[in-house]
Amino acid sequence: MPDERPWYETDFDADYPLMQTFEEAMTELQASAAEWLLNMPLRARILDLCCGYGRHSQAWREAGRRPVGLDFSADLLALARDSQLGGDWVRGDVRRLPFRAGAFDAATFMFVSFGYFGTSADDLEALREARRVLRPGGGLFLDIKLPATLRADPPPDGHLNIKGADVFEASRIVQTPEGERYEIRRKLRRPGEAERSFFYSVRLYEPDALAALLKEAGFGRINLYGDYDASPLAPSRPRLVAAAFNPA
């Protein structure tokens, strides 16, 4: 019988970090951008939403912050607990956070970890929950892909050999009843093992639509950028980065 669970409950398993090997070089830059754009205090309490195996939380901990990582994947949380020195790791759904109101100075959706759900209403609920657990004046950092850049310069299909494993990747933009989504299909082959397939899908948000959703979730000041260096939004820039603040 086929597994009918949504992809985000099945495809983030213990093999996921292998396919992020080349992204790990960006960890310090991404973590520092969140610190800077949210003006985090030195000992900031950070909620790392969809933390995965904890690469950003580790960077913040080393910088003296106090991160708490939350993810739905038991496999990735197990890797985080095994590979990091200390830390707080919680299994949960971003739409129903198990934390009290105002518990954090900052919250983050790092590196395209927002837009997984099938409806924008679920995305809105995740943003409302993120705002709820922020103290007054606390900030949310959110980092996704800019649709215009993907349309103009879509990533080519590719093949990489990573730590002895062959990874094949193909991506595309698809139209759905609720708007565009960016889909990635990967195949993983290791010698002597059966081929594995992975699927990822994220909703694409235009800047105005993301700002409107953040406003509907209750955020006050909302700043949008085209990259981690706070450059302006432009089709030539690769990302859509938001820094949104809970009203004081």
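The structure displayed is predicted, hence computed values, not measured ones.

A.B. asks: How should the environment of Glu-183 be read in this particular structure?
C.D. replies: For Glu-183, the location among the structural elements is in strand S8 (residues 179-189). Residue classification places Glu-183 among the buried positions, given a relative accessible area of 11%. For the pair Glu-183 and Ile-173, spaced ten residues apart in the sequence, the C-alpha separation amounts to 6.2 Å. If we ignore the near neighbours within four places in the chain, the residues touching Glu-183 are Ala-170, Ser-171, Arg-172, Val-174, Phe-199, Tyr-200 and Ser-201.

A.B. asks: Where do I start with the nonpolar core in this structure?
C.D. replies: A general feature of soluble globular proteins is that nonpolar side chains tend to end up buried together. Counting 52 residues, the largest nonpolar core has Leu-47, Leu-127 and Leu-140 as its most contacted members. With residues near it in sequence (within four places) discarded, Leu-47 still touches Val-68, Leu-70, Leu-97, Phe-99, Phe-104, Ala-106, Ala-107, Thr-108 and Val-133. With 19 residues, the next largest nonpolar core counts Ala-31, Met-40, Ala-106 and Phe-141 among its residues.

A.B. asks: Help me understand the environment of Asp-13 in this model?
C.D. replies: The residue Asp-13 is located in the loop between helix H1 (7-10) and helix H2 (27-37) in this model. Not counting residues within four places of it along the chain, the set of residues in contact with Asp-13 comprises Asp-75, Leu-76, Arg-196 and Phe-198. At 2.6 Å, the side chain of Asp-13 and the side chain of Arg-196 are in polar contact.

A.B. asks: Hey, could you run me through unusual backbone geometry in this one?
C.D. replies: Most peptide bonds are trans, and most residues other than glycine sit at a negative phi. Backbone geometry at Asn-39 places phi at a positive 50 degrees, although glycine is not the residue there. Residue placement: Asn-39 occurs in the loop between H2 and strand S1 (45-49). Given a relative accessible area of 65%, Asn-39 falls into the exposed group.

A.B. asks: Looking at this structure, I do not really get the sheet that holds strand S5 (residues 134-145). What am I missing?
C.D. replies: Backbone hydrogen bonds are what pair the strands of a sheet, in a parallel or an antiparallel way. If you trace the seven strands from one edge of the open sheet to the other, you get S3-S2-S1-S4-S5-S11-S10, paired in mixed fashion. Each end of this open sheet is capped by a strand with a single partner; those strands are strand S3 (88-91) and strand S10 (222-225). Recorded for the sheet is a direction-independent mean angle of 15 degrees between the axes of neighbouring strands. Summarising the sheet, strand S2 (residues 66-71) and S3 pair through four bridges and their orientation is parallel. Counted as the bridge partner of Asp-71 is Arg-91 from S3. The strands that H2 touches are strand S4 (104-109), S5, S10 and strand S11 (239-245); relative to S5, the one it contacts most, it runs at about 140 degrees.

A.B. asks: Could you clarify how one ought to interpret the pattern of salt bridges in this entry?
C.D. replies: Side chains carrying opposite charge are able to pair once their charged atoms draw close together. According to the stated counting rule, one finds 23 salt bridges in the structure shown. Between Asp-13 and Arg-196 there is a salt bridge, with the nearest N and O atoms lying 2.6 Å from each other. Pair noted here: Asp-13 is in the loop between H1 and H2 and Arg-196 is in strand S9 (residues 196-203), with a separation of 183 residues, a long-range link. Here Arg-132 makes a salt bridge to Glu-129, at a shortest N to O gap of 2.7 Å. Here Glu-129 and Arg-132 lie together in helix H5 (residues 120-132), a separation of three residues that amounts to about one turn. The buried category is assigned to Glu-129, whose relative accessible area is 11%. Taken together, the salt bridges that share partners define one network made up of Asp-13, Asp-15, Arg-190, Glu-193 and Arg-196.

A.B. asks: Could you clarify how one ought to interpret the packing of H2 against helix H3 (residues 55-62) in this entry?
C.D. replies: What describes two packed helices is the angle between their axes and the distance between those same axes. Look at H2 against H3: their axes get within 9 Å of each other, and the N-to-C directions meet at 65 degrees. For the crossing formed where H2 meets H3, the hand is right-handed. Contacts from Thr-27, Glu-28, Gln-30, Ala-31, Ala-34 and Glu-35 in H2 reach Arg-55, His-56, Ala-59, Trp-60 and Glu-62 in H3. Partitioned by chemical class, the residues of the contact of H2 with H3 number four nonpolar, three polar and four charged.

Parameters at a glance
- Residues numbered from 1 in each chain as written.
- Predicted model: local features only at pLDDT ≥ 70, side-chain atom pairs only at ≥ 80, totals over all residues.
- Heavy atoms only, no water.
- Helix = DSSP H or I, 4+ residues; strand = E, 2+ residues; numbered from the N terminus.
- Buried < 20%, exposed > 50% of the residue type's maximum accessible area, 1.4 Å probe, protein only.
- Contact = heavy atoms within 4.5 Å.
- Core = buried A, V, L, I, M, F, W, Y, C linked by side-chain atoms within 4.5 Å.
- Polar contact = N/O pair within 3.5 Å; in protein donor to acceptor, adjacent residues only side chain to side chain.
- Pairing = 2+ DSSP bridges.
- Axes fitted to C-alpha atoms, helices over the stretch in contact; angles between N-to-C directions.
- Salt bridge = Lys/Arg side-chain N within 4 Å of Asp/Glu carboxyl O.
- Left-handed = near helix turned anticlockwise from the far one by under 90°.
- Nonpolar A, V, L, I, M, F, W, Y, C, P; charged D, E, K, R; others polar.

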